[in-house]
Amino acid sequence: MAGGAGPQPDQTTATLARPAIAEAEERVSLASNWQLIWWRFKKHRLALASCAVLAVFYTIVLVPDLFSTQSPEATDARLAFMPIQRITLLDGWRWRPSVAAVEGRRNPVTLRMEWQIDETKRVPVRFFARGYRYTVLGLIETDLHLLGAATAHERVYLLGTDRLGRDQWSRLMHGTRTSMTVGLAAVVLSVILGSLLGGISGYLGGWPDLVIQRLIELLQSLPTIPIWLAMTAALPQDWPPQKVFFAITIILAFIGWTTLGREVRGRFLALREEEFVLAAELAGCSRFRIITRHLLPAVMSHIIATTTLAIPVMIVSETALSYLGLGIRPPAISWGVLLQEAQNIQTIADAPWLLIPGVFVIVAVLAFNLAGDGLRDAADPYGH
Amino acid sequence: MLRFLVQRLLLFPLLLFVFSVVVFLLVQAPPGDFLTSYISMLAASGSSVDLAQVEALKRQFGLDQPLHIQYLRWMDNIRHGDLGLSLEYQRPNVELIGEFLLPTVLLALFSFVFTWAVAIPAGIYSATHPRSFVDYILAILNYVGVATPNFMLALVLMWIAFSRFGISVTGLFSPEYVQAPWSLARFVDLLKHIWLPMIVLGVAGTARLTRIMRANLLDELNKPYVVAARARGLSEWRLVLKYPVRVAINPLVSTIGWYLPQLFSGSLIVATVMNLPNIGPLLLRALISQDMYLAGGILLIYCFLTVVGTLISDVLLAWIDPRIRIEE
Amino acid sequence: MMPPTRTVTRPLAPLASRTPPLLSVRDLRVHFFMDEGVVKAVDDVSLDVFPGQVLGIVGESGCGKSVTMKAILRIVEPPGRIVSGRVLLRRQREASDDAEYVDLTALAPDSPEMRSIRGGEIALIPQEPMAAFSPVHTVSEQIVEAITLHRPVGRREARQIAAQLFRDVGIPDPEHRLDQYAWQLSGGLRQRAVIAMALSCNPRLLIADEPTTAVDVTTQAQVLRLLRQLQHQRNAAIIYITHDLGVIAQMADWVLVMYLGLVMEQGRVADIFHAPKHPYTQLLLRSIPSVHAVPRARLPTISGSIPHPFSRPRGCPFHPRCPHAMPGTCDHHHPPLRTVTEVGQQVSCFLYEQEGQPA
């Protein structure tokens, strides 16, 4: 007999537990596919945390200026290679946010500025400070910033400055906007292309399938990085940043859609054999209706998971291309453009904070991968 | 099996033809041609530009011909093993590429061996000890490994080596061997330098392969044939290594098809950052300076290596998996 | 919990027979420790297997039949664990009539001794013959391996043994078949190959885990005939696991009816088929289609479905589906297994509590 305890107290729990189980079972059987996915996804704590990180990133994408402390373009050659000013929120027990002061002295021999951090001297900072003016999404004009120096004549360099004395923190915020958008846009484009062609290929079969499959094979056997480089090198030098941005997005999507197309095709092929499609066909549904109402919802969760896993690939590609000088070009700012500042080993040794944009890349890619894995597991609990 | 391979081999020239067209169009695409850059270069260096001389050069390189004639000329030259002349280096492209090709392929192969030598044992350990401490550590390493762009890793390692140990870990050879002809001593010198780029280039692939190996093996470990082998009285380690590992590795062989090419072309970025003798940086410079036949030649080499990598993977897969080999 | 002794010289009193059993399982509990809770896959199972006889274990899927088999072979996979109980295998002492019993639960699963028993003395005929062979190794590779593991022969000789085994189980052209892969063989041949592999080391006990679920009815009949025939020739004992009572009637001498990891009823085949005691057994038997049934009559089914393994009902696990369930008794207390007839039929049900049986 299981459990040697007296029957009396156990009985009450048993009678209480039974309807609860029945209720839970009913809840599960009535839940829609999306609800089921959400319940399973909630169990992946790392994936949930990753979603929070991504939410922060995309908030920055919406209003990078709010998070910037200074204009990302403002240069001051006298303030080149300033080190990181660490922020502290408390002074003893009192709320007094401040950063350490930085003293500059020009080395008489090398004529270079040498910066000394003085932790004892504090530069007070405040949240929601006033700064340079900007517009939020082109609509509202404001000069509010999340963080800024408390007094107008002081400036804060949270992540130091680059060789032109530009504030790296503010540039990073703007770089985040570009890099995260390129990744997303390229993937959205890939998804549209991939789902369309993959879906047609998988559902129709026959010669469209043959043609699309050969095209995918051809594109997939191209050496990705060199071809990307050659394509971006072919972009005219005098194009404005926006145009380059769109071109890069299209170039990234051009090869990226094939993986997705394959996946969608595979799913469609498997689904075509499913009973419910046959049932829909017998019920006289049109092809369009079968695709949009029956097949698409069934593959949607997988598409979303695959998409999430494809974004980081795009982000890394953009970063690498820009780093090599063939992607996003200055004056536009992206993570890759920022990392270009760290090309020289001597520069990195002198100003290691120039590598920090790389940390952003890694965190973003990690978050996308973890969230994507969680989504995939939630969408397909029986393995891939 | 034979039919399958013949099919693949027949496809080979067709693919190369399509690629050559794509590559030609790509290197032709930038506005202007290398002559314009050549002229501006000459002008910048102060030499006068003779119009007649420009016309002569144009004719010499066939730039006055329509596009398809140019392509055919290019192809015809390639057939004779002539990839044209490099503007920037003023040397035959074949010679330039040839100099860098061997180190490029060597680096890719080293990274490949490194990846498999690390990923397979790690994947086996993770799968046979799921949820163990080491499994978690490996999972974390894998996620970070996949998430770190390899040029980032190269930069960080170079920085650590430089600031901590004061050494510069760029290049594949010590100064005295850079120009030396191949010899045992040069090869040994290569081994002393290649390990860091090899790791940098292989980390992401290793991480990915470990995860695939773990997942595949976990799937296989619950299969009835494993239970049957266990019921036969086979010891656990022999059993795992003989059956499920063997089955789990099979699909990994098909990953060689994309992994080897990825190593070839992926080394481009690492090689640029770490200043390695590699056709990657050569391509980068050629693209920027519009040295189009050099760029075209290198791109073709990449395409060729990619197709060869896929072919190797197909052959290997058919060779080791009886289900594919015997299929009629 | 577990006795420290590995071997027991004095055999346990057999559950119902005068000959000493080949294998005795006593109070076996195998639990699976999952994140969601503990699944008691096998809970207090005792059984005896006698030389030259067939014990059938019947039950619906998930009742613990296969886990019992794995526990006997000591190949329960984590998170499953043998929590308590003993699995005693009889071993003839050399140059004497005495027998001693080895407690398999006291052996380490991967120890050389356990491995020599597994496959050598107790062999398994697995459920799906297709999946029981590695897809990338030839059949001979796997059979020869089994032979060389347990017999002092070289590979060449082992291959000859394997070919002979193939002939014994009726596989034509054995030399050719040995070099093929399992997926190249037909379903019937694969089934025979699996049996040949199990027989390769002359085991004294064969455990057949639903060996005919994957084959068609004709092949099933052939396989069953073959098994019977081989068993007679070699005087091996068989534990035959199935959900098919028809097969049990044809094959077994003894039956054990399991439900949710517990033994509901056990006894001789004839007794149980003619006079089933437990309501579950009765319902199972009634749900077999019969030629004697009234034409067009509905086939009786058992109402309800098998409860989720995490929420096994309190008391008798069958009470929610039992037509004779007595409220206040069956849902509170677990009925012990007791002997209800002189021929040793045992049943775990409160309906037979009053009949008063010798303890």
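Residues numbered from 1 in each chain as written. Chains lettered and ligands numbered in written order. Predicted model: local features only at pLDDT ≥ 70, side-chain atom pairs only at ≥ 80, totals over all residues.

K.L.:
Can you help me understand the overall build of chain C in this one?
P.N.:
When helices and strands are counted, chain C shows ten helices and 13 strands. Taken against the 2.2 N^0.38 rule, which gives 21 Å for 359 residues, the C-alpha radius of gyration of chain C at 21 Å falls within 12% of a compact globule. C-alpha extents for chain C along the principal axes are approximately 65 × 55 × 45 Å. In chain C, the proportion of contacts linking residues at least 24 apart, taken out of those at least 6 apart, comes to 62%. (Helix = DSSP H or I, 4+ residues; strand = E, 2+ residues; numbered from the N terminus. Rg over C-alpha atoms; globule rule 2.2 N^0.38 Å. Contact = placed C-beta atoms within 7 Å.)

K.L.:
Sorry, what's going on with the pairing of strand S4 (residues 54-58) of chain C here?
P.N.:
Note on strand geometry: in a regular strand, side chains alternate between the two faces of the sheet. All names here are of chain C. With respect to burial, S4 is a largely interior element, five of its five residues being buried. Here S4 shows a buried face lined by Val 54, Gly 56 and Val 58 and a second buried face lined by Leu 55 and Ile 57. Bridge count between S4 and strand S9 (residues 237-242): five bridges; the pairing is parallel. Looking across to S9, one finds that Val 58 is bridged to Thr 242. Relative to strand S10 (residues 254-259), S4 is paired through four bridges, and the arrangement is parallel. Note on S10: the bridge partner recorded for Val 58 is Val 257. (Buried ≥ 20, exposed ≤ 12 C-beta atoms within 10 Å, placed from the backbone. Pairing = 2+ DSSP bridges.)

K.L.:
For this particular structure, what's the right way to read the sheet that holds strand S12 (residues 338-339) of chain C?
P.N.:
In sheet architecture, strand pairing relies on hydrogen bonds along the backbone and comes in two forms, parallel and antiparallel. Residues and elements named next belong to chain C. The mixed open sheet is built from eight strands, whose spatial order is S7-S8-S9-S4-S10-S11-S13-S12. Looking at the sheet topology across the chains shown, the edges are occupied by strand S7 (122-125) and S12. Set on the sheet, helix H6 (residues 187-199) makes contact with S7 and strand S8 (205-209); between it and S7 the angle comes to about 170 degrees. (Axes fitted to C-alpha atoms, helices over the stretch in contact; angles between N-to-C directions.)

K.L.:
Quick question: what am I supposed to make of the pairing of strand S1 (residues 87-91) of chain A here?
P.N.:
All names here are of chain A. A small share of S1 lies buried, amounting to zero of its five residues. Relative to strand S2 (residues 94-106), S1 runs antiparallel, the two being bridged by four bridges. By the bridge assignment, Thr 88 is partnered in S2 with Ser 98.

K.L.:
What's the story with the environment of Ala 305 of chain A in this structure? I'm lost.
P.N.:
Residues and elements named next belong to chain A. Structurally, the position occupied by Ala 305 is in helix H10 (residues 287-323). Along the backbone, Ala 305 and Gly 372 are 67 residues apart, and their C-alpha atoms lie at a distance of 5.2 Å. Every residue in contact with Ala 305, bar those within four places of it in the chain, is listed here: Gly 372, Leu 375, Arg 376 and Ala 379.

K.L.:
Help me understand the interface of chain A and chain B, please; the structure alone is not making it clear to me.
P.N.:
Quoted interface sizes are often the accessible area lost when the parts come together. Between chain A and chain B, the residue contacts involve 32 residues of the former and 41 residues of the latter. Secondary-structure elements contributing two or more residues to the side of chain A that touches chain B are helix H7 (224-233), H10, helix H12 (345-350) and helix H13 (356-379) of chain A. Here the side of chain A that touches chain B is composed, by residue class, of 26 nonpolar, six polar and no charged. (Nonpolar A, V, L, I, M, F, W, Y, C, P; charged D, E, K, R; others polar.)

K.L.:
How do you make sense of the confidence of the model for chain C when you look at a structure like this?
P.N.:
Close inspection of predicted coordinates is inappropriate in any region flagged by low pLDDT. Residues and elements named next belong to chain C. Mean pLDDT over chain C: 82, with 90% of residues reaching 70 or higher. The element-level mean pLDDT for chain C is lowest in strand S1 (residues 7-8), coming to 50, with S4 highest at 91. Interface confidence for the predicted complex, expressed as ipTM, amounts to 0.83; the pTM equals 0.83. (pLDDT = per-residue confidence, 0-100.)

K.L.:
Even after reading the chapter, I still don't get the packing of H13 of chain A against helix H6 (residues 133-147) of chain B, so can you show me in this structure?
P.N.:
For any two helices packed against each other, one specifies the crossing angle of their axes together with the interaxial distance. Direction vectors running N to C along H13 of chain A and H6 of chain B enclose 120 degrees, while the axes themselves pass 8 Å from each other. Taken as axis vectors, H13 of chain A and H6 of chain B run oblique relative to one another. Of the two possible hands of crossing, H13 of chain A and H6 of chain B adopt the one that is right-handed. Of the residues in H6 of chain B, those touching H13 of chain A at Ile 362, Val 365, Leu 366, Asn 369 and Leu 370 of chain A are Tyr 143, Val 144, Val 146 and Ala 147 of chain B. Residue classes in the contact of H13 of chain A with H6 of chain B are distributed as eight nonpolar, one polar and no charged. (Parallel < 35°, antiparallel > 145°, perpendicular 65-115°, else oblique. Left-handed = near helix turned anticlockwise from the far one by under 90°.)

K.L.:
How do you make sense of the packing of helix H3 (residues 45-62) of chain A against H13 of chain A when you look at a structure like this?
P.N.:
Residues and elements named next belong to chain A. Here H3 crosses H13 at 135 degrees, and the two axes come no closer than 8 Å. Put simply, H3 runs oblique to H13. Considering the relative orientation of H3 and H13, their crossing is left-handed. Contacts between H3 and H13 pair Leu 46, Ala 47, Ser 50, Cys 51, Val 53, Leu 54 and Phe 57 from the former with Val 363, Ala 364, Ala 367, Phe 368, Leu 370, Ala 371, Asp 373, Gly 374 and Leu 375 from the latter. Taken together, the residues of the contact of H3 with H13 sort by class into 13 nonpolar, two polar and one charged.

K.L.:
Even after reading the chapter, I still don't get the environment of Ile 306 of chain C, so can you show me in this structure?
P.N.:
Residue and element names in this part refer to chain C. Counting through the fold element by element, Ile 306 comes out in the loop between helix H10 (279-286) and S12. With 17 C-beta atoms packed within 10 Å, Ile 306 lands in the partly exposed category. With sequence-adjacent residues up to four places away left out, Ile 306 is seen in contact with Glu 60 and Gly 62.

K.L.:
Honestly, the sheet that holds strand S4 (residues 140-149) of chain A in this entry has me stumped. Any pointers?
P.N.:
Residue and element names in this part refer to chain A. Spatially, the four strands line up as an open sheet ordered S1-S2-S3-S4, and their pairing is antiparallel. This sheet does not close on itself; its edge strands, each paired only once, are S1 and S4. Taken pair by pair, the neighbouring strands of this sheet meet at an average axis angle of 45 degrees, ignoring direction. Across nine bridges, the pairing between S2 and strand S3 (residues 113-136) is antiparallel. Paired with Val 102 across the bridge in S3 is Ile 117.

K.L.:
When you look at H3 of chain A in this model, what are you seeing that I'm missing?
P.N.:
At 3.6 residues per turn, the α-helix brings residues three or four places apart onto the same side. Residue and element names in this part refer to chain A. Its 18 residues place the ends of H3 26 Å apart at the C-alpha level, agreeing with the 26 Å of an ideal helix rising 1.5 Å per residue. Every buried residue of H3 is accounted for by Ala 47, Ser 50 and Ile 60. Angularly, the buried residues of H3 cover 125 degrees about the axis, an arc narrow enough to put them on a single face. Seen from the buried face of H3, the exposed residues on the opposite side, beyond 90 degrees, are Arg 45, Ala 52, Ala 55 and Leu 62. (Expected span 1.5 Å × (residues − 1). Arc of directions from axis to C-beta.)

K.L.:
Would you explain the nonpolar core in this entry?
P.N.:
In summary, soluble globular proteins display a tendency toward joint burial of nonpolar side chains. If you look at the biggest cluster of nonpolar residues, it comprises 142 residues, and the most contacted ones within it are Leu 229 and Ala 230 of chain A together with Leu 283, Ala 295, Ile 298 and Leu 299 of chain B. The residues contacting Leu 283 of chain B, other than those within four sequence positions of it, are Pro 226 and Leu 229 of chain A together with Leu 268, Ala 295, Ile 298 and Leu 299 of chain B. By size, the runner-up hydrophobic cluster in this structure holds 115 residues, among which are Ile 72, Ile 122, Tyr 240 and Leu 284 of chain C. (Core = buried A, V, L, I, M, F, W, Y, C linked by C-beta atoms within 7 Å.)

K.L.:
Any chance you could explain unusual backbone geometry here in plain terms?
P.N.:
A negative phi angle characterises most non-glycine residues, just as the trans form characterises most peptide bonds. At the junction of Pro 330 of chain A and Pro 331 of chain A, the peptide bond is cis and its omega measures out at 10 degrees in the coordinates. Looking at where Pro 331 of chain A falls in the secondary structure, it is placed in the loop between H10 and helix H11 (335-340). In this chain, Pro 78 of chain C is followed by Pro 79 of chain C through a cis amide linkage whose omega measures 10 degrees. Structurally, Pro 79 of chain C can be placed in the loop between helix H1 (65-73) and strand S5 (80-92). A positive phi angle is found at Asn 202 of chain C, which is not glycine, with a value near 50 degrees. Structurally, Asn 202 of chain C is set in the loop between H6 and S8. The phi angle at Glu 210 of chain C is positive, at roughly 40 degrees, despite the residue not being glycine. With 21 C-beta atoms counted inside 10 Å, the residue Glu 210 of chain C sits in the buried group.

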